[in-house]
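Tertiary structure, described
Here's the letter readout for the chains.
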Amino acid sequence: MNKELLEVINQVRANKNLAKLSSYNAGDRLREEMGFESLDLAELTVRIEEKFNVDVFSDGLVESVGEIEAKLARTEKI
Amino acid sequence: MANLSQPWLIDGRTGAVTLYEQLLSRLNCAPLQIRSQCQPASMVDALMEITVAVAFGAKLNLFDADFGERELAALGYSKVGLNLPEPVVAAAPIDLPALQALAAGRSSARLGLFTSGSTGLPKLVWQTVANLARAVKVSPRQAEAVWALAYNPTHIAGIQVYLQALANGCTLVDVYGLDRPAVLAALERHKVTHISATPSFYRLLLPVQRPLPGVRSVTLGGESADARLLHKLAELFPQARLHNVYASTEAGTLLVADGDVFAIAAGLEGRVVVRDGKIHVHRSLLGEFGAPTKPSPVIGDKVSGIGFSPLEGQSEPITSIQQPIFTPSPRDEDWYDTGDVVEVVSEQPLRFRIVARERDWVNVGGNKVNPHEVEGVLGEHPGVQQVRVFGRKNSVMGHILCAEIVLAKPNDGQRTTDAGQKTTDDRRQTPDDERTTDGGSRKAAGESDLPQKSASGARVEDGGQRTEVGRLTEAELRSFAAARLQPFKVPRMIRFVDHIATTRTGKMQRTEGG
């Protein structure tokens with residue numbers, strides 16, 4: 001699990017008055033499990049971009065936290 | 001020709017169906033209830049009320065469903081005063097063919113819609129149905145369409161989609177505000193053939209899981225669409241023609257596009273021109289502003305920048321709508337400068353790309369936000385001394401709204417007790433172990449290199465509600481704004497800074513990197 005990513009997710013959740021998560025599963029879906037709507041996803045993208053310098057949504061929408069992790073990992077290798 | 005047992009509106013979420021028959025019985029009930037001001041409770045409510053106005057040539061002032069008490073009060077209305085029905089006696093019963101003709105532009109109805117105003121408050125613009133229906137096409141082929149309604153029904157784009165559907169007796173499927181699985185399911189289940197929506201709406205349907213060959217026409221408007229999105233949409237809707245349209249809240253469809261190259265819509269040559277590299281619109285195309293009795297705006301009274309029209313570009317003039325014979329006037333006061341900058345690709349015929357849209361406006365997923373309005377609201381917070389609101393590019397919503405805040409010094413009369421109860425609560429909810437550090441975050445290319453120190457010199461933490469400086473947090477300011485503004489107007493990134501960047505003329509900059 002990527003702790004920095006969890007931190008960003010919790011920031012967005014806190015702004016929606018959702019409870020802080022102590023962990024996530026790679027299969028957790030951003031909309032269903034994380035409770036994010038379009039504007040939240042936009043915010044999440046910007047905050048991830050600030051932290052990791054990666055626009056995770058640039059080539060289409062990602063659905064799960066695991067897909068974000070994969071994109072971050074891929075970028076780190078490059 | 002539609003028949004009465006055909007669905008008029010299908011709720012994309014629940015599948016609930018309202019038939020044309022039910023619409024007609026609402027129109028023909030006695031006494032007929034008419035509302036002159038309507039903040040709709042639902043999509044059915046909104047479209048019924050619009051239909052009543054269209055059918056009886058009434059004046060109807062529409063309010064966004066999510067306008068709060070404060071926004072209404074600022075506009076001079078109260079929730080109590082809205083939605084009051086007045087019984088009237090209709091002159092004669094109305095049938096479906098007559099209703100369709102009225103929706104195609106024969107109606108004398110006028111609709112009052114709110115656009116983001118240049119001075120902060122949303123501004124009332126009165127539109128005739130004749131003008132709103134200018135891009136409506138009526139034909140036997142159009143009558144076979146099943147339209148998805150992806151726009152707010154109290155906004156011009158939603159009304160234009162509705163008039164197109166109603167004029168042809170088509171079924172509408174309400175997908176406004178639905179999430180992706182629900183939208184995709186509704187498009188398939190109800191055999192939608194025509195969609196008109198913002199690029200942000202379409203982006204949310206990606207990545208392509210499986211193509212939807214039933215969709216024949218896909219229209220994009222309200223924001224610029226990049227080539228990559230158009231390419232993906234061609235995958236998602238393999239049988240559809242893609243249309244990219246361009247219009248203003250005042251004037252309806254002005255331009256039509258092939259990819260990202262635009263042309264002036266047929267029949268509007270001479271009334272929409274490129275002058276000094278910017279699009280100008282003649283006043284004869286503009287709606288009326290403010291009270292219905294007021295004349296057209298003076299030049300410079302920018303009520304709204306270019307917005308969107310949801311219908312595909314009209315390929316031939318609509319003959320059923322009477323338009324005065326137009327002679328362009330050379331006088332400057334007759335032209336409205338949209339502020340949209342173009343790059344001419346060819347002079348004959350005139351083709352151009354849109355380089356920049358009216359700079360001050362921030363387009364969040366097709367909703368135009370006036371930063372002045374948001375700045376006004378944030379500036380009311382006693383802890384805020386100065387504020388700058390601007391857009392930042394975003395791959396989900398096109399743009400995301402950001403704010404920079406200079407905090408009032410404690411001796412500037414900061415009264416956090418007035419509005420700061422939430423501050424205290426929010427801080428309590430945030431245990432110390434959650435405190436983040438800047439974490440060596442890297443900056444995106446072109447991002448502003450703004451001071452990251454607070455007014456008090458304390459290090460500003462990286463984003464989120466942990467951006468706590470003095471007594472004010474990001475979460476508190478967001479709650480403050482959310483209580484007063486529609487959701488898309490609430491800044492999603494708030495940063496506390498020492499000073500606000502200004503241009504050389506002393507104006508605040510609206511682009512990122514201030």
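Let us look at the structure shown here. (Residues numbered from 1 in each chain as written. Chains lettered and ligands numbered in written order. Predicted model: local features only at pLDDT ≥ 70, side-chain atom pairs only at ≥ 80, totals over all residues. Heavy atoms only, no water.)

**Concerning the pairing of strand E11 (residues 194-197) of chain B**
Residues and elements named next belong to chain B. Burial of the side chains of E11 extends over both faces: His194 and Ser196 are buried on one face and Ile195 and Ala197 on the other. As paired strands, strand E9 (residues 146-149) and E11 are joined by 3 bridges and run parallel to one another. Counterpart to leucine 149 in the pairing with E11 is serine 196. In terms of strand pairing, E11 meets strand E12 (residues 217-220) through 4 bridges, oriented parallel. (Buried < 20%, exposed > 50% of the residue type's maximum accessible area, 1.4 Å probe, protein only. Helix = DSSP H or I, 4+ residues; strand = E, 2+ residues; numbered from the N terminus. Pairing = 2+ DSSP bridges.)

**Some thoughts on the pattern of salt bridges**
One pass over the structure, following the stated rule, counts 20 salt bridges over all chains. Here arginine 29 of chain A and glutamate 32 of chain A are joined by a salt bridge, their closest N and O atoms 3.8 Å apart. Bridged by salt links that share partners, the residues Lys16, Asp40, Glu43 and Arg47 of chain A together with Glu474, Arg478 and Arg492 of chain B form one connected network. (Salt bridge = Lys/Arg side-chain N within 4 Å of Asp/Glu carboxyl O.)

**Structural notes on the packing of helix H4 (residues 96-106) of chain B against helix H7 (residues 156-167) of chain B**
All names here are of chain B. It is at 8 Å that the axes of H4 and H7 come closest, and there the two elements cross at 145°. As for the relative orientation of H4 and H7, their crossing is left-handed in sense. Contact residues: Leu99, Gln100, Ala103 and Ala104 in H4; Leu163, Leu166 and Ala167 in H7. For the contact of H4 with H7, the class distribution of residues is 6 nonpolar, 1 polar and no charged. (Axes fitted to C-alpha atoms, helices over the stretch in contact; angles between N-to-C directions. Left-handed = near helix turned anticlockwise from the far one by under 90°. Contact = heavy atoms within 4.5 Å. Nonpolar A, V, L, I, M, F, W, Y, C, P; charged D, E, K, R; others polar.)

**Observations concerning helix H1 (residues 20-27) of chain B**
Residue and element names in this part refer to chain B. Residues of H1 that are buried include every one of Tyr20, Leu23, Leu24 and Leu27, and no others. One side of H1 holds all its buried residues, which, seen down the axis, span an arc of 95°. In this fold, the buried residues of H1 make contact with strand E1 (7-11), strand E2 (17-19), strand E3 (32-35), helix H2 (43-56), H4 and H7. (Arc of directions from axis to C-beta.)

**Some details on the pairing of strand E10 (residues 171-174) of chain B**
All names here are of chain B. By the alternation rule, side chains of E10 split into Thr171 and Val173 and Leu172 and Asp174, which are all buried. Judged from the 3 bridges that link them, E1 and E10 form a sheet pairing that is parallel. In the strand pairing of E10, leucine 9 is matched with leucine 172. In terms of strand pairing, E9 meets E10 through 4 bridges, oriented parallel.

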